[in-house]
Amino acid sequence: MKILHISYSDAEGGAGVACLRLHKLLLKNKIDSTLLVINKHSSVNSVFSVTEKNIFLYVYFKIINRISELILKLDSLFVTKRRDIHRSLNVFPNKLVNIINSYEADIIHLHWINGEMLSIYDIKKISGNIIWTLHDSWPFLSTYHHDLGLNLSNLDKCILNIKAKHYPDNLSFISPSHWMKKQFLSSIISSGYNCKVIPNLVTEALKNDIADTRISNSGVVNVLIGSVNFYNNSNKGFNSLIKIIDSVKGNENIIFNIFGESELHESLVKFKNVNILGIINDEQKMLKIMSESDWVFNLSKIESFGLVACESISIGTPVICFNTSGLRDIVKNDITGYIFNEVDEIISFINTNSNFYKSKQLHNKCLAFYQENFSEEIIINSHIQYYEQTL
């Protein structure tokens, strides 16, 4: 069985990280796997950048991506009035489909293919069986990556109709969460397509070497939070974090450690209990920081899965999040953390909970829940079985 993965990146964002982890674990299990990307960051030999040695293709991708961005900005300016929301077209043809078909793979596994990496029209030109992991909702929405309940412009309706018309029959889907599968099945795209829930992977070989050092009442509570583009991505909950920090500003024993940003935001300068950890690309370093934290906060409005939350419980650190989307598969009250409906509920929990430290009991519950639901063995076997069923 020969697998070819297609992903814009092998490291940027949760989708790229999840794709690379799956690819490496397939190789470990003696499965013939290759990964094609636009932006390569890893040193894995079986990951290939399609633009690295082709300057013409690189320039072409830059041009069509820029044209796509301009079209969407104009549409946002005159129609939707929302320029702060990530949208994608993927309608410009390119030569990637020829490269894909040259590998003669049994399964072509699509991941995050936006940035005009692969045209909607070209998907049906792919030879072989296609599986597409829903790292966000773009594959079954219009131009949006998340369903924000906004009215669709004529451009949005056009893109949605193109998807419905041009998606091929030899296509199946993977959803990383039950919530995402439910969203997919309610779309006009889903009719006739299989969709299986398979969570994203955590690299267990890295976490096995990390000893937990934060199961004690040391007088200081360490809270970890962040993401790529944490300040500017309205989905990630930065405004909620500011409200939480402001509400506990009298308690400087609670330290908020922010990753994914290199500088202190101007709205945080007045607080003494905020540290900036920077952009962390080293997975083992990230897991060690998680293990040394009492809590990981995920204040996102929407998560297709919640990879950071899953990584956190895999190392025994509980998660606090909102009652939303894919996070509900990972965070269970008094087992792997706590779920809240509003930011004021989180503030009340912090202020009324005299023992806000990570307990040994909650630590052990996190580890057990992870092992029962998200272990490498469970996830890789689910992928292999789905590949075999698709052939």
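Not measured: the values here are computed from a predicted model. (Residues numbered from 1 in each chain as written. Predicted model: local features only at pLDDT ≥ 70, side-chain atom pairs only at ≥ 80, totals over all residues. Heavy atoms only, no water.)

Enquirer: Quick one: what's the story with the overall build of the protein, residue by residue and with numbers?
Expert: For the protein, the helix and strand inventory stands at 13 helices and 13 strands. Its C-alpha atoms give the protein a radius of gyration of 21 Å, near enough to 21 Å, the size a compact globule of 391 residues would have. Summarising its shape, the C-alpha atoms of the protein cover approximately 60 × 50 × 40 Å along the three principal directions. Here the protein holds 391 residues, and 56% of them are scored as buried. Here the analysis covers contacts within the protein between residues at least 6 apart in sequence; of these, 66% occur between residues at least 24 apart. As displayed, the protein has an accessible area near 17,500 Å², and 49% of this comes from carbon and sulfur atoms. Side chains of the protein give 38 positive and 38 negative charges; the mean places of these two sets differ by 4 Å. (Helix = DSSP H or I, 4+ residues; strand = E, 2+ residues; numbered from the N terminus. Rg over C-alpha atoms; globule rule 2.2 N^0.38 Å. Buried < 20%, exposed > 50% of the residue type's maximum accessible area, 1.4 Å probe, protein only. Contact = heavy atoms within 4.5 Å. Areas by Shrake-Rupley, 256 points an atom, 1.4 Å probe, with all protein chains shown as cover. Lys, Arg positive; Asp, Glu negative; His and termini not counted. Charge placed at Lys NZ, Arg CZ, Asp CG, Glu CD.)

Enquirer: Explain a nonpolar patch on the surface residue by residue, including any values.
Expert: A surface patch of nonpolar side chains, about 650 Å² in accessible area, is lined by Ile-55, Phe-56, Tyr-58, Val-59, Ile-63, Ile-67 and Ile-71. By the secondary structure assignment, Tyr-58 is in helix α2 (residues 55-80). (Patch = residues over 30% accessible without salt bridge, like charges linked within 9 Å, V, L, I, M, F, W, Y side chains within 5 Å. Salt bridge = Lys/Arg side-chain N within 4 Å of Asp/Glu carboxyl O.)

Enquirer: Can you lay out the packing of aromatic side chains for me, pointing to particular residues and giving the numbers?
Expert: Any aromatic ring pair is given by two values, namely how distant the centres are and how the planes are angled relative to each other. Scanning the model with the defined rule gives 19 aromatic pairs in all. Look at Phe-305 and Phe-374: their rings are 6.0 Å apart centre to centre, the planes differ by 70°, and that puts the pair in the edge-to-face class. Note that Phe-305 is positioned in the loop between β11 (295-298) and α10 (307-314) and Phe-374 in the loop between α12 (360-373) and α13 (376-390), a separation of 69 residues in sequence. The class for Phe-374 is buried, based on a relative accessible area of 3%. One aromatic cluster is present, formed by Trp-132, Trp-138, Phe-140, Tyr-167, Phe-173, Phe-184 and Tyr-193 through successive ring pairs. Positioned over the ring face of Tyr-144 is Arg-87, at 5.0 Å from the centre of the ring. Above the ring of Trp-138, the side-chain terminus of Lys-163 is found at 3.6 Å from the ring centroid. (Phe/Tyr/Trp six-rings, centres within 6.5 Å; stacked < 30°, edge-to-face > 60°. Lys NZ or Arg CZ within 6 Å of the ring centre and 35° of its normal.)

Enquirer: Please give an account of unusual backbone geometry that cites residues and values.
Expert: Of note in this structure, Glu-116 is not a glycine but carries a positive phi near 60°. Judged by relative accessible area, Glu-116 falls into the buried class, the value being 1%. The phi torsion at Asp-334 lies on the positive side, around 65°, for a residue other than glycine. Owing to a relative accessible area of 40%, Asp-334 belongs among the partly exposed residues under this scheme.

Enquirer: Can you lay out the sheet that holds strand β10 (residues 274-278) for me, pointing to particular residues and giving the numbers?
Expert: Consider a sheet: its strands pair through backbone hydrogen bonds, and that pairing is either parallel or antiparallel. Read from one edge to the other, the open sheet built from six strands follows the order β10-β9-β8-β11-β12-β13, with strand pairing classed as parallel. The open sheet has two free edges, formed respectively by β10 and β13 (337-340), since each of these has just one partner strand. On average, each strand axis in the sheet is tilted by 20° relative to the strand beside it, whichever way the strands run. Taken together, the four bridges between strand β9 (residues 254-259) and β10 define a ladder with parallel strand orientation. Within β10, the residue paired with Ile-258 across the bridge is Ile-276. Set on the sheet, helix α8 (residues 238-247) makes contact with β8 (221-226), β9, β10, β11 and β12 (319-322); between it and β9 the angle comes to about 160°. (Pairing = 2+ DSSP bridges. Axes fitted to C-alpha atoms, helices over the stretch in contact; angles between N-to-C directions.)

Enquirer: Account for the packing of helix α1 (residues 13-28) against α13, with residues named and values stated.
Expert: Here α1 crosses α13 at 85°, and the two axes come no closer than 11 Å. If you check the angle between α1 and α13, you find them roughly perpendicular. On α13, the residues that touch Leu-22, Leu-25, Leu-26 and Lys-28 of α1 are Glu-376, Ile-380, His-383, Ile-384 and Tyr-387. Classifying every residue of the contact of α1 with α13 by side-chain character gives six nonpolar, one polar and two charged. (Parallel < 35°, antiparallel > 145°, perpendicular 65-115°, else oblique. Nonpolar A, V, L, I, M, F, W, Y, C, P; charged D, E, K, R; others polar.)

Enquirer: For the sheet that holds strand β5 (residues 129-133), give the residues involved together with the corresponding values.
Expert: In space, the seven strands of this open sheet follow the order β3-β2-β1-β4-β5-β6-β7, with parallel pairing throughout. In this open sheet, the two edge strands, each paired with only one partner strand, are β3 (47-49) and β7 (195-197). In this sheet, neighbouring strand axes are inclined to one another by 25° on average, regardless of whether the strands run parallel or antiparallel. In this sheet, β3 lies alongside strand β2 (residues 32-37) in parallel orientation, the contact comprising three bridges. Across the sheet, residue Leu-35 finds its bridge partner in β3, namely Val-47. The sheet strands contacting α13 are β1 (2-6), β4 (107-110), β5, β6 (171-175) and β7, and the helix crosses β6 at an angle near 165°.

Enquirer: Break down the side chain of His-383 for me, citing the residues and quoting the values.
Expert: With respect to the helices and strands, His-383 occurs in helix α13. In contact with His-383, not counting residues within four places along its chain, are Leu-22, His-109, Ile-174, Ile-198 and Pro-199.

Enquirer: I'd like to hear about the pairing of β6, residue by residue, with values.
Expert: When you tally the buried positions in β6, you get five out of five residues, the bulk of the element. Taking every second residue as pointing to the same face, both faces of β6 are buried, with Leu-171, Phe-173 and Ser-175 on one and Ser-172 and Ile-174 on the other. Relative to β6, β5 runs parallel, the two sharing four bridges. Among the inter-strand pairings, Thr-133 is bridged to a residue of β6, identified as Ile-174. Judged from the three bridges that link them, β6 and β7 form a sheet pairing that is parallel.

Enquirer: So what about the environment of Pro-318? Which residues, and what values?
Expert: When you line up the elements, Pro-318 lands in the loop between α10 and β12. A sequence separation of 75 residues divides Pro-318 from Lys-243, and the C-alpha atoms of the two residues are 21 Å apart. Discounting residues that sit within four places of it in the chain, Pro-318 has contacts with Asp-294, Trp-295, Val-296, Ser-312, Thr-336, Gly-337, Lys-358, Leu-362 and Cys-366.

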